[in-house]
Structures are given as C-alpha cells and as structure tokens.
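Per-entry structural report
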Amino acid sequence: MTSSKMALWSMVCEMSPELFNGYSDEFPRNLRCFLGDWLENYPWEFITESDSFSAFMADSLLSAMVEKLQDLANKNCQPGLILQLTANLENAYRRDPLHLARTVKQILEVERVVVQNKFQGLPLSFHRQQEELKFGFDLKRMQYKLQQIWTLHGNLNDSSRGSRQRNTVDPPFSTQGDLQANSLQTLSTLFPEAVKELEATKARLLKRLDIWKRQQQLAGNGTPFDEDLAPLQKRFESLMDVCFQLRQLVVALAAQLGSDLQSHLQECLENVFSTLIKRAFLVDKQPPQVLKTQTKFQATIRFLLGPQLFKSPQTSFSVTANVVTEKQARELASGRPDASLSESTGEIVNNVAPLEITATSNACYAVFKNMLLKKIKRSDRKSTESVTEEKCAVLFSARINLGSNNTTFLLQTISLPIVVIVHGNQDNNAKATILWDNAFAAKDRIPFVVTERVTWGNMCETLNQKFMAEVQTPIGLNKDHYFFLAQKIFNDNSTSSGDFQNRYVSWSQFNKVMAVGFGRGVEW
C-alpha cells in the first residue's frame with residue numbers, strides 16, 4: 001500500500017525488548033519481528049468500529065498478513081517456525097479478524113509511544129505515511145459504500161420489475177414489500193453518509209495540496225522539496241471517480257430518494273465536482289520570483305485531472321498568462337475572477353501555451369518556454385516603499401468545456417509573489433523582499449500581506465536554510481555565526497548570545513537599516 005522512508009521498526013529494533021508489551025500467545029514477539037516494517041504499511045489504527053466495512057478491512061489485512069508470512073516461509077531455509085506461527089494466527093483470528101486489528105493497533109501504539117519518548121518526537125516520514133494511510137482507508141470506505149448503494153440499486157430494480165409483473169400486492173408477497181422498504185431506508189442513510197465522507201476527504205486532500213504549495217514556496221528559499229505531484233494526482237482522480245459514480249446513482253435513484261434529498265445530494269456533489277476541477281489547476285514550475293524586464297523566463301502549469309477528464313484526443317485548450325498587481329490578486333482571492341484583468345499591469349510576450357497531455361508521464365501540462373515581460377506598470381506605493389518592495393504575480397487562466405452539455409469552467413491559478421526589476425543593482429533588495437515573503441507568509445493570507453517582524457530564532461532558521469542552499473553545503477551556520485549576525489543587525493555588542501533570544505527582527509532592520517559594518521541589506 002505504501003512504504004516509509006524511515007520505518008519506526010528500525011528504531012524499535014535498536015531498543016530493549018523489555019520496553020514493549022502487548023504481545024500474546026496468539027501474537028508473540030517473534031511474529032512481530034518476522035513482519036518487521038511491513039506491519040506499519042497498513043491502516044490498523046483506523047479500524048476503530050465494528051461495522052461491516054471494518055470487519056471487511058480486518059479480514060483483508062489478516063489475509064494479507066498470512067500471504068506475507070507464507071512468502072517469508074518460502075524464502076526461509078527453515079520455514080517450520082514461520083508456518084507454525086501462520087497456522088496459529090489463522091486459528092486465533094480468522095473467526096474474529098477485528099480482534100487482530102485491535103491487537104496490532106495496541107502493539108504499534110506502544111512502539112510509537114516508546115520511540116516518541118526516547119527521541120522526543122517521531123520522524124516526519126512517519127506522519128506523512130500516516131496521512132497517506134488515512135486517505136487510502138477513507139477511499140476504501142467510500143468505495144465500499146458505493147458498492148453497497150449499487151447493490152441496493154440492483155435489488156430495487158429487481159423488486160420493481162417483480163411488482164409490475166404481479167400487478168397486485170398479495171399477502172404472500174408482503175415480505176418482498178418489507179425488503180423493498182428496508183432497502184429504501186438503508187439507501188436514505190447510506191447516500192448522505194457517502195457524500196459527507198466525500199466532502200470530508202476532499203477537504204483533507206485540499207489541505208494536503210496547500211501543504212505542497214507552502215513547501216514549494218519555502219523551496220524558493222532553499223528548503224528541500226519533494227515536487228512530485230503524481231501522488232496528489234492519483235488522489236484527485238480517485239475522488240473524482242467516487243464523485244462521478246455518486247452523481248450517476250443520484251440520477252438513477254431519483255424516484256427512490258425523493259426530490260428534497262435528491263436536490264440536496266446533487267448540490268453537494270456539484271460543489272465537490274467544481275472544487276476538485278478548479279483546485280487541480282496549479283503552478284508546477286514557478287516563474288522567477290525576481291523578474292527583470294526584457295528577460296526571457298519559463299513556467300509550467302499542470303492540470304491534475306486533465307488525463308482523466310480530457311478523454312478525446314481532439315480536446316484542445318490553452319492557458320494564458322497575465323501580470324496582476326497585489327490589488328488585483330486580492331480581487332482574485334475574494335472571488336472576483338474577471339475584475340482582476342480590468343486594467344493592464346504589464347505586457348508578457350509569448351503568454352499563451354496549449355494545455356496538453358503527455359502520454360509518457362500521464363500528466364497534463366501547459367509549458368511556457370519563452371515568456372518575456374516587455375514592460376511593467378507600477379502601482380501607487382507608500383512613500384516609504386521602494387520598487388523592490390512592490391509585489392505582483394502571474395495569473396494563469398484557461399477555459400475548458402466538460403461533459404455532454406459542454407459545461408464551461410474557468411480555471412485560474414496564481415504564481416508566487418514576484419518583484420519586477422529593471423536594473424541589476426535592484427537585484428539584492430528584490431531578493432530580500434522575496435526571501436522575507438517566502439519565509440513568513442501566513443496560511444490563507446490576504447495577498448501578499450506578510451508580518452512586519454519575526455523572532456530572531458525564526459530569522460536564524462531562514463538565513464541558515466538560505467545559506468546552505470546558496471553555498472550548496474550540508475553544514476549550516478553555528479551559534480557563533482548567529483551571535484555575530486545578531487550583533488550587527490541589532491547594532492548591539494552584547495557579550496552573550498542569550499541576550500538576543502527573545503528579540504524580534506523587523507522588516508525595516510532586515511532590509512533598510514544601515515547595519516553597522518554591513519551597509520544596506522544586512523543579509524547580503
């Protein structure tokens with residue numbers, strides 16, 4: 001299902017066995033050792049109920065465990081012990097696989113607590129894996145409910161045909177009527193549950209997408225970044241498939257659901273459908289964040305649902321790039337997509353690119369290879385603000401038509417903030433603006449508002465990451481370096497580094513103030 005880059009089991013193996021408990025005759029420690037990190041790759045901890053889906057998942061995981069042990073036995077020169085453990089496992093849990101899920105969950109929870117206490121936390125890869133397992137588990141639950149709804153749909157159709165053939169409701173067929181009533185009751189419960197779970201899973205997917213975008217922004221300051229969008233594309237496609245099927249079922253079962261419930265479900269599903277389409281359109285490769293006029297630059301847009309929705313090879317859409325000011329970006333964020341282009345901000349040459357599917361990578365891209373910002377119209381600025389503090393962005397837009405009704409969707413996505421310069425001597429101060437914005441932009445901010453001051457500790461983290469990226473070294477700054485920088489930026493020759501721990505650095509100090517011995521722009 002998934003694999004971790006740093007399994008907890010590798011840490012558990014280095015620790016004393018006496019620290020761990022939860023083992024039993026049915027699930028002894030040597031069985032845990034044979035399974036190793038394999039056990040961590042499945043969603044044991046999310047099986048918390050005792051309903052039919054939980055029982056189904058527990059039984060599936062038991063079968064997968066037996067298969068894993070049999071495979072280990074086949075590869076072992078002395079398979080006897082493994083085969084005996086496998087037989088004991090089957091005997092103990094096959095009649096009640098939920099008991100196995102509870103047992104494994106307890107064992108893994110103990111291991112997590114012990115590792116967390118010893119290392120003051122869990123590795124980031126563990127949290128990422130848990131999030132992947134959670135999404136996969138929720139997806140399986142929705143698919144399970146979908147199958148139940150399809151089955152009820154078939155049963156109701158069979159019942160309806162039988163009723164038409166009889167033309168009357170005779171006493172011998174009252175049981176059939178009861179079954180039909182039960183099916184309708186189950187349907188009226190299952191359908192809203194499935195749609196609610198789809199909405200919740202969509203919300204978690206969009207949160208994960210926002211994390212990817214934030215990491216992309218931090219990468220502008222040199223933070224390591226896994227830019228692979230294939231896992232997110234699979235998630236979007238999986239949820240869109242569930243949405244498609246639920247929309248089909250709402251239409252097919254309109255008579256059974258009733259007009260009020262049908263209308264409510266259709267509205268919810270249309271919102272999910274539209275949101276997934278619009279949020280799947282994003283900037284894959286950002287344009288330069290310090291952009292000089294009359295200089296060529298590149299960018300790449302990706303539509304994660306393109307391969308799934310653009311079935312016809314004749315489908316042809318294009319993406320257009322335009323410069324927008326900070327004011328226009330705010331209009332976009334407030335839900336005014338057309339108002340943002342009411343006035344020209346700058347002229348980009350070669351600003352149209354086709355939105356195409358690449359068969360080799362199963363991805364949908366619009367690649368801008370030779371854009372050029374010909375000119376820029378400066379907006380009104382505060383008297384204290386220089387041109388290198390003025391932020392704008394590139395807005396990428398496309399109109400696509402989908403479905404038999406050719407429904408039109410306006411797709412828009414905006415680049416990270418950009419500072420436009422016309423002379424090379426503006427470069428350092430423009431980079432300072434971008435460095436500050438990338439590091440300290442808040443979640444869901446109004447474009448492109450950023451805090452005016454940060455703690456010295458946060459400033460140190462940012463400078464350290466930028467230093468390692470610029471110098472291309474794995475060795476970061478040390479306490480002496482931070483102490484030296486603090487004395488300069490605060491113009492304070494304190495003898496202790498602790499004197500600076502609780503201080504704040506302002507944007508003015510970072511970029512404008514004449515720091516002793518450094519001149520304008522202390523970080524450079």
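Structure first, text after, so check above.
First things first, this report covers the structure right here in the doc.

Definitions and cut-offs
Residues numbered from 1 in each chain as written. Predicted model: local features only at pLDDT ≥ 70, side-chain atom pairs only at ≥ 80, totals over all residues. Heavy atoms only, no water. Helix = DSSP H or I, 4+ residues; strand = E, 2+ residues; numbered from the N terminus. Buried < 20%, exposed > 50% of the residue type's maximum accessible area, 1.4 Å probe, protein only. Areas by Shrake-Rupley, 256 points an atom, 1.4 Å probe, with all protein chains shown as cover. Expected span 1.5 Å × (residues − 1). Core = buried A, V, L, I, M, F, W, Y, C linked by side-chain atoms within 4.5 Å. Axes fitted to C-alpha atoms, helices over the stretch in contact; angles between N-to-C directions. Left-handed = near helix turned anticlockwise from the far one by under 90°. Contact = heavy atoms within 4.5 Å. Nonpolar A, V, L, I, M, F, W, Y, C, P; charged D, E, K, R; others polar. Salt bridge = Lys/Arg side-chain N within 4 Å of Asp/Glu carboxyl O. Parallel < 35°, antiparallel > 145°, perpendicular 65-115°, else oblique. Pairing = 2+ DSSP bridges. Phe/Tyr/Trp six-rings, centres within 6.5 Å; stacked < 30°, edge-to-face > 60°. Lys NZ or Arg CZ within 6 Å of the ring centre and 35° of its normal.

**Points about the overall build of the protein chain**
- Counting secondary structure elements, the protein chain contains 16 helices and twelve strands.
- By residue count, 44% of the 524 residues in the protein chain fall in the buried class.
- When the accessible surface of the protein chain is split by element, carbon and sulfur atoms take 49% of a total near 27,100 Å².

**Considerations on helix α10 (residues 259-279)**
- Along its 21 residues, α10 runs 30 Å from first to last C-alpha, staying within 8% of the 30 Å computed at 1.5 Å per residue.
- If you check which residues of α10 are buried, you get L261, Q262, L265, C268, L269, V272, F273, S274, L276 and I277.

**Here's the deal with the environment of E331**
- Structurally, E331 is set in helix α12 (residues 326-333).
- For E331, a relative accessible area of 11% corresponds to the buried category.
- The spacing of E331 and I446 is 115 residues in sequence and 9.8 Å in space, taken between C-alpha atoms.

**Some words on the nonpolar core**
- Core analysis: the largest hydrophobic core is formed by 73 residues, its most contacted members being F191, L246, I277, F303 and F396.
- Looking at this core, the element that brings in the most residues is helix α7 (residues 174-219), giving ten residues.
- One finds F27, A73, Y93 and L100 within the second-largest nonpolar core, a separate group that totals 30 residues.

**Describing the packing of helix α13 (residues 427-440) against helix α14 (residues 456-471)**
- It is the contact of α13 with α14, at a shortest axis distance of 11 Å, that shows an interaxial angle of 115°. Both α13 and α14 take part in a crossing whose hand is right-handed. Counting all contacts with α13, which are made through L435, W436, A439 and F440, the residues of α14 involved are N458, M459, T462 and K466.
- Residue composition of the contact of α13 with α14, grouped by class: five nonpolar, two polar and one charged.

**Details of the environment of G36**
- In this structure, G36 sits in the loop between α2 (29-35) and α3 (52-75).
- For the pair G36 and V12, spaced 24 residues apart in sequence, the C-alpha to C-alpha distance is 9.7 Å.

**Some words on the pattern of salt bridges**
- All told, the structure shown has 25 salt bridges when counted by the stated rule.
- Between D138 and R141 there is a salt bridge, with the nearest N and O atoms lying 2.9 Å from each other. Residue D138 and its partner R141 are located together in helix α6 (residues 124-166), separated by three residues, close to a single helical turn.
- Taking the relative accessible area as the measure of exposure, D138 reaches 1% and is therefore buried.
- The exposure class assigned to R141 is partly exposed, which follows from its relative accessible area of 23%.
- Here D210 ties to R279 by a salt bridge, and the two come within 2.7 Å at their closest N and O atoms. Linking D210 in helix α7 with R279 in helix α10, this pair joins segments that are 69 residues apart in sequence.
- By relative accessible area, which is 28% here, D210 ends up partly exposed.
- In this structure, a network of salt bridges that share partners links the residues K134, D138, R141, K145, E193, E197 and R204.

**Structural notes on the packing of α3 against helix α5 (residues 97-119)**
- The contact between α3 and α5 brings their axes to 8 Å, and the two run at 75°. In this view, α3 runs roughly perpendicular relative to α5, as classed from their interaxial angle. Contacts between α3 and α5 involve S54, A55, A58, D59, L62 and M65 on the former and, on the latter, P97, L98, L100, A101 and V104.
- Partitioning the contact of α3 with α5 into residue classes produces nine nonpolar, one polar and one charged.

**Here we look at the pairing of strand β5 (residues 346-349)**
- The alternating pattern of β5 places G346 and I348 on a buried face and E347 and V349 on a face that is not buried.
- As defined by bridge partners, β5 adjoins strand β7 (residues 363-376) across four bridges and the pair is classed as antiparallel. Residue pairing across strands places E347 opposite K375, the latter belonging to β7.

**Considerations on the packing of aromatic side chains**
- A full pass over the atoms with the stated rule returns 19 aromatic pairs.
- On the basis of an interplanar angle of 70° and a centroid distance of 5.6 Å, the ring pair of W456 and F490 is categorised as edge-to-face. Placement of W456 in helix α14 and of F490 in the loop between α15 (479-489) and β12 (504-506) is noted, with a sequence separation of 34 residues between them. The residues W456 and F490 share a single accessibility class, namely buried.
- One Lys or Arg, R235, reaches over the ring of F135 and ends 4.7 Å from the middle of that ring.
- Over the aromatic face of F273 sits the side chain of R247, whose NZ or CZ is 4.1 Å from the ring centroid.

**A look at α3**
- For α3, which comprises 24 residues, the first-to-last C-alpha distance of 35 Å matches the rise-based estimate of 34 Å (1.5 Å per residue) to within 8%.
- Buried within α3 are the following residues: F53, S54, M57, A58, L61, L62, M65, V66, L69 and A73.

**So, unusual backbone geometry**
- With an omega dihedral of -15°, the bond running from P447 to F448 counts as a cis peptide bond.
- Although it is not a glycine, Q120 sits at a positive phi angle of roughly 55°.
- Inspection of the secondary structure puts Q120 in the loop between α5 and α6.
- We classify Q120 as exposed; its relative accessible area is 69%.
- For N350, which is not a glycine, the phi torsion comes out positive at approximately 60°.
- Tracing the backbone through its elements, the reader meets N350 in the loop between β5 and β6 (352-358).

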